[in-house]
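Tertiary structure, described
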Amino acid sequence: MNFAQPLKPLSLSDDRKSLIVLDQRLLPNKELFLELKTKEEIFEAIQSLKVRGAPALGLAAAYGLCVVMSEYTQNPPMDFFRKSERIIYYFESARPTAVNPTITLNRLRSVMISALSVNNISSETILELMYAEASKIEKEESEASGKIGESGLSLLKPGWGVLTHCNAGKLAAPGFGTALSPLYLALERNYGLRIYSTETRPLLQGARLTAYELTKAGADVTLLCDNAAASLMAKGEINAVMTGCDRIAANGDVANKIGTSNLAILASHYKIPFYILGPLSTVDKSAPDGESVVIEERDKREVTEMWFKERVAPEKIKVYNPAFDITKAEMITAIITERGIYRYPYDFSNI
Ligand code: MRU
């Protein structure tokens, strides 16, 4: 069993002048690492889902900013800061639904602002502080993943069937991910879980990524088409649903991969607990509810041409292709974070 095998979606090169990204678009067929240096390359990797998953997006944006700014350490500090502001704005616009890039980039901005108040500070020193902050974020996310795993596992029993959607594992976040973290722990502790992964149309993160990383770890995984979930639940095969999240509104409404709310509604019908797992950094207190979360609309060709290879629908067809949906707070049995298990009605006022 090799559940502990590292599978890192991104890292820094040894000289810290490139962002190394595992191209997730090519999985499961090919493990290819890309070396990204420019802001355009990093933006494109985020937008095209070469790197994806909310915490990984936050880290890609943070490390990406450091990499790009490493070219400007000869500029005066104020000039360095202004330049970084433009890149922050640019990276934030790459994928609007996940809150993580905004959070991580704001943390780097705060580091720069407080550094600017130090007399005679150099841009080089400011950059060092930024790298340190990005690495601190990575460590925090990794620790959060472990704690989410323990809390999540406390909700599961040996032999259960657990359904997950999209990919919220090692490819999406440091450590063991979020929704998959309890499932990795269960594997380590011989729970004998039956894991069910939806394929997650249109971009197949469940089939290409979740099924890939869990089978690589030795888990018992069954892949199903998204529209087979009700049939599986009706047969009594599912004891819990666990998914990740891209943004949690103040009232507990959750934005996550399109199809998440379908599963929550089905789970409620079949009286199956429906859990959302994510770090508290995913809570956006400035969004009162799900309606205030921007939902990313993606290219219609993702639906009509399956990764732009072969047309599966008529040429001029209109397409509805939101990347995420909102699951209402009252449909969620619990939200599992690094600080434990929150239950409805959700109150995140003290985080
Ligand atoms: O479009 P993606 O692949 O970035 O969507 C990812 C998800 O919806 C995940 O469930 C979410 O980001 C949580 S990842 C720990």
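Refer to the preceding data block for the structure.
Residues numbered from 1 in each chain as written. Predicted model: local features only at pLDDT ≥ 70, side-chain atom pairs only at ≥ 80, totals over all residues. Heavy atoms only, no water.

**Regarding the side chain of K257**
Examined against the element boundaries, K257 turns out to sit in strand β9 (residues 254-257). At 3.0 Å, the side chain of K257 forms a polar contact with the backbone oxygen of A323. Look past the residues within four positions of K257 in its chain and what remains in contact with it is R95, H165, C166, T200, Q205, D246, A323, F324 and D325. (Helix = DSSP H or I, 4+ residues; strand = E, 2+ residues; numbered from the N terminus. Polar contact = N/O pair within 3.5 Å; in protein donor to acceptor, adjacent residues only side chain to side chain. Contact = heavy atoms within 4.5 Å.)

**Looking at the nonpolar core**
Counting 41 residues, the largest nonpolar core has L10, L19, I42, V51, L65, M112 and M130 as its most contacted members. Residue assignment for this core shows that the elements contributing at least two residues are β2 (19-22), α1 (39-47), α2 (54-69), α3 (77-92), α4 (100-116) and α5 (123-153). Take this core: its biggest share by element is 13 residues, from α2. Filtering out sequence-adjacent residues up to four positions away, M112 remains in contact with L65, F80, F81, S84, I88, I126 and M130. One finds L155, I195, A217 and Y275 within the second-largest nonpolar core, a separate group that totals 27 residues. (Core = buried A, V, L, I, M, F, W, Y, C linked by side-chain atoms within 4.5 Å. Buried < 20%, exposed > 50% of the residue type's maximum accessible area, 1.4 Å probe, protein only.)

**Considerations on the environment of T38**
Within the fold, T38 resides in the loop between β3 (33-36) and α1. Separated by 29 residues in the primary sequence, T38 and V67 place their C-alpha atoms 8.0 Å from one another. Within the local environment of T38, its side chain forms a polar contact with the backbone nitrogen of E41, the two atoms lying 3.0 Å apart.

**Focus on the site of the ligand**
Close to the ligand lie 17 residues; R52, A54, R95, N256 and K257 are nearest. In the model, an oxygen atom of the ligand is placed 2.9 Å from a nitrogen or oxygen of the Q205 side chain. Side-chain polar atom of D246 to an oxygen atom of the ligand: 3.0 Å apart, as the coordinates give it. For the ligand, the accessible surface in isolation is 420 Å², of which the surrounding protein chains cover 100%. For the shell around the ligand, the elements supplying multiple residues, two or more each, are α2 and β9. Its residues assigned to classes, the shell around the ligand comprises 8 nonpolar, 5 polar and 4 charged. (Near = heavy atom within 4 Å. Areas by Shrake-Rupley, 256 points an atom, 1.4 Å probe, with all protein chains shown as cover. Nonpolar A, V, L, I, M, F, W, Y, C, P; charged D, E, K, R; others polar.)

**Looking at the packing of α2 against α3**
Running from amino to carboxyl end, α2 crosses α3 at an angle of 140°, the nearest separation of the two axes being 10 Å. The angle between α2 and α3 falls in the class oblique. The hand of the α2/α3 crossing is right-handed. Along its contact with α2, which presents A61, G64, L65, V68 and M69, the element α3 presents F80, K83, S84, I87, I88 and F91. Among the residues making up the contact of α2 with α3, the classes are represented as 8 nonpolar, 2 polar and 1 charged. (Axes fitted to C-alpha atoms, helices over the stretch in contact; angles between N-to-C directions. Parallel < 35°, antiparallel > 145°, perpendicular 65-115°, else oblique. Left-handed = near helix turned anticlockwise from the far one by under 90°.)

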